[in-house]
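Residues per chain, in single letters:
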Amino acid sequence: MHNLITNQFYGVADVDKFSKGVSSAIDAVAGSPGIFAGDNLFTFGRNLSFLSDPEFVLAVAKNKPDAIETSISWRTHVLTWAARTAANLEGDFVEAGCYKGYSARVICDYLGFADLPKRYFLYDVFEHDDSMPHHAMPEHSRDLYSQVVARFADVPHAVITKGFLPASLSEASPEKICFMHIDMNNAAAEVGVLEALYPRVVKGGIIILDDYGWSCYRQQKQAEDQWFSRFGIKVLELPTGQGMVIKP
């Protein structure tokens, strides 16, 4: 049985005190396998089955994750599970807010997406300035779009669109969707994507909302709860901070 222990935690006022506390807690359960520490999660006595899944481990390793990408392995596993489940349905894949393309590329490698009769639509602004409503990420730049295009050069059905959502959907978008990952850190944009694309999600299609369970993005949760309530749907909040909806 495996452990995954990182020091990637967010919103910590006293990093040194917090780190010592986590280390002390790990020492206290050292006899218990299945420790996960990072991404604002600390658990022990778990199976952590994804760390024993050779296809998942290989797909992650192939993409040379940095410290943050390593710490979100549980989140990434949720995405690969959802993508594999949805791959049996009619429709294409969507990632709204792909940033560097890490999670989408792991999904592609995990599923052998290049051999699937599906397209993968990826959207992002890819850069940032103070006039834009989303917050900056470390690798936002004028070069990021071309870097992501290169990252998916061997995935012939990847469609990568630069621009603000939901407006950029007019440039390229699928008619039917079986899997959609939304990660834009922006309530209005995320609801705009749901408004435009949810009608195209097939029955049984899976939607993952990356920021749904994070208190710092509570505005997104509230907006999405209100939006889904129109259909009598409650979003499932996962311990990873993600939200999940399976379209009825």
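Further up the page is the structure itself.
A quick note: this is a predicted structure, and the numbers were derived from the prediction, not measured.

A. Summary view of the pairing of strand β8 (residues 201–209). Of all the 9 residues making up β8, 7 are buried; the element is thus mostly covered by neighbouring parts of the structure. Here strand β7 (residues 177–182) pairs with β8 via 5 bridges, running parallel. Of the residues in β8, the one forming a bridge with Phe 179 is Ile 206. In terms of handedness, the path from β7 via helix α7 (residues 187–197) over to β8 forms a crossover that is right-handed. Pairing of β8 with strand β10 (residues 243–246) involves 4 bridges; the strand directions are antiparallel. Each residue of the ladder has a partner; that of Leu 209, found in β10, is Gly 243.

B. Spatial organisation of the sheet that holds strand β1 (residues 4–5). One open sheet holds the 3 strands; their spatial order is β1-β2-β3, and the pairing between them is mixed. Of all strands in the sheet, those with a lone pairing partner are β1 and β3 (41–43), marking the two edges. Sheet topology note: the β1/strand β2 (residues 36–38) ladder contains 2 bridges and is parallel. Opposite Leu 4, over in β2, you have Phe 36 as the bridge partner.

C. Examining the state of the cysteines more closely. A complete count under the given rule lists 0 disulfides for this structure. Cys 108 takes part in no disulfide bond, and the closest cysteine sulfur, belonging to Cys 98, lies 11 Å away. The buried category is assigned to Cys 108, whose relative accessible area is 4%. Lacking any disulfide linkage, Cys 178 is separated from the closest cysteine sulfur, that of Cys 108, by 12 Å. For Cys 178, a relative accessible area of 0% gives the class buried.

D. View of the side chain of Asp 39. Turning to its location among the elements, Asp 39 is positioned in the loop between β2 and β3. By relative accessible area, which is 3% here, Asp 39 ends up buried.

E. The nonpolar core, seen in detail. The biggest cluster of nonpolar side chains holds 41 residues, and the ones touching the most others in it are Phe 93, Ile 107, Tyr 120, Phe 152, Phe 179 and Ile 208. Residue assignment for this core shows that the elements contributing at least two residues are α2 (54–62), α4 (73–86), α5 (102–111), β5 (120–124), α6 (144–151), β7 and β8. Here this core takes 7 residues from α5, the largest share from any one element. Leaving out residues up to four positions away in the same chain, Phe 152 has contacts with Gly 101, Ala 104, Arg 105, Cys 108, Leu 122, Ala 158 and Ile 160. By size, the runner-up hydrophobic cluster in this structure holds 26 residues, among which are Ala 189, Val 191, Tyr 198 and Phe 228.

F. Looking closely at the environment of Lys 221. Within the secondary structure, Lys 221 is located in helix α8 (residues 218–229). Separated by 12 residues in sequence, Lys 221 and Leu 209 have C-alpha atoms that sit 9.0 Å apart.

G. Molecular detail of the sheet that holds strand β9 (residues 236–237). In spatial order, the strands read β6-β5-β4-β7-β8-β10-β9; together these 7 strands make up an open sheet with mixed pairing. Edge positions in the open sheet fall to β6 (158–162) and β9, since each of these has one partner strand only. As paired elements, strand β4 (residues 92–96) and β7 share 5 bridges and run parallel to each other. The residue bridging Val 94 from the neighbouring strand is Met 180, located in β7. Relative to β7, α7 is tilted by about 175°, and along the sheet it contacts β4, β7 and β8.

H. Quick look at the pattern of salt bridges. Enumeration over the complete set of coordinates arrives at 13 salt bridges. For Asp 109, the salt bridge identified is with Arg 105, shortest N-O distance 2.8 Å. Placement of both Asp 109 and Arg 105 in helix α5 is noted, with a separation of 4 residues, approximately one turn of the helix. Note on Arg 105: relative accessible area 7%, which makes it buried. The partner of Glu 195 in a salt bridge is Arg 230, with the nearest N and O atoms 3.0 Å apart. A residue pair is termed long-range when its members are at least 10 positions apart, and Glu 195 in helix α7 and Arg 230 in the loop between α8 and β9 qualify at 35 residues. For Glu 195, a relative accessible area of 42% translates into the label partly exposed. One network of salt bridges, in which partners are shared, links Lys 62, Arg 105, Asp 109 and Asp 154.

Conventions used here
Residues numbered from 1 in each chain as written. Predicted model: local features only at pLDDT ≥ 70, side-chain atom pairs only at ≥ 80, totals over all residues. Heavy atoms only, no water. Buried < 20%, exposed > 50% of the residue type's maximum accessible area, 1.4 Å probe, protein only. Helix = DSSP H or I, 4+ residues; strand = E, 2+ residues; numbered from the N terminus. Pairing = 2+ DSSP bridges. Right-handed = clockwise from strand over helix to strand, strands pointing away. Disulfide = S-S within 2.5 Å. Core = buried A, V, L, I, M, F, W, Y, C linked by side-chain atoms within 4.5 Å. Contact = heavy atoms within 4.5 Å. Axes fitted to C-alpha atoms, helices over the stretch in contact; angles between N-to-C directions. Salt bridge = Lys/Arg side-chain N within 4 Å of Asp/Glu carboxyl O.

All quantities given are derived from atomic positions and should not be read as evidence of function.
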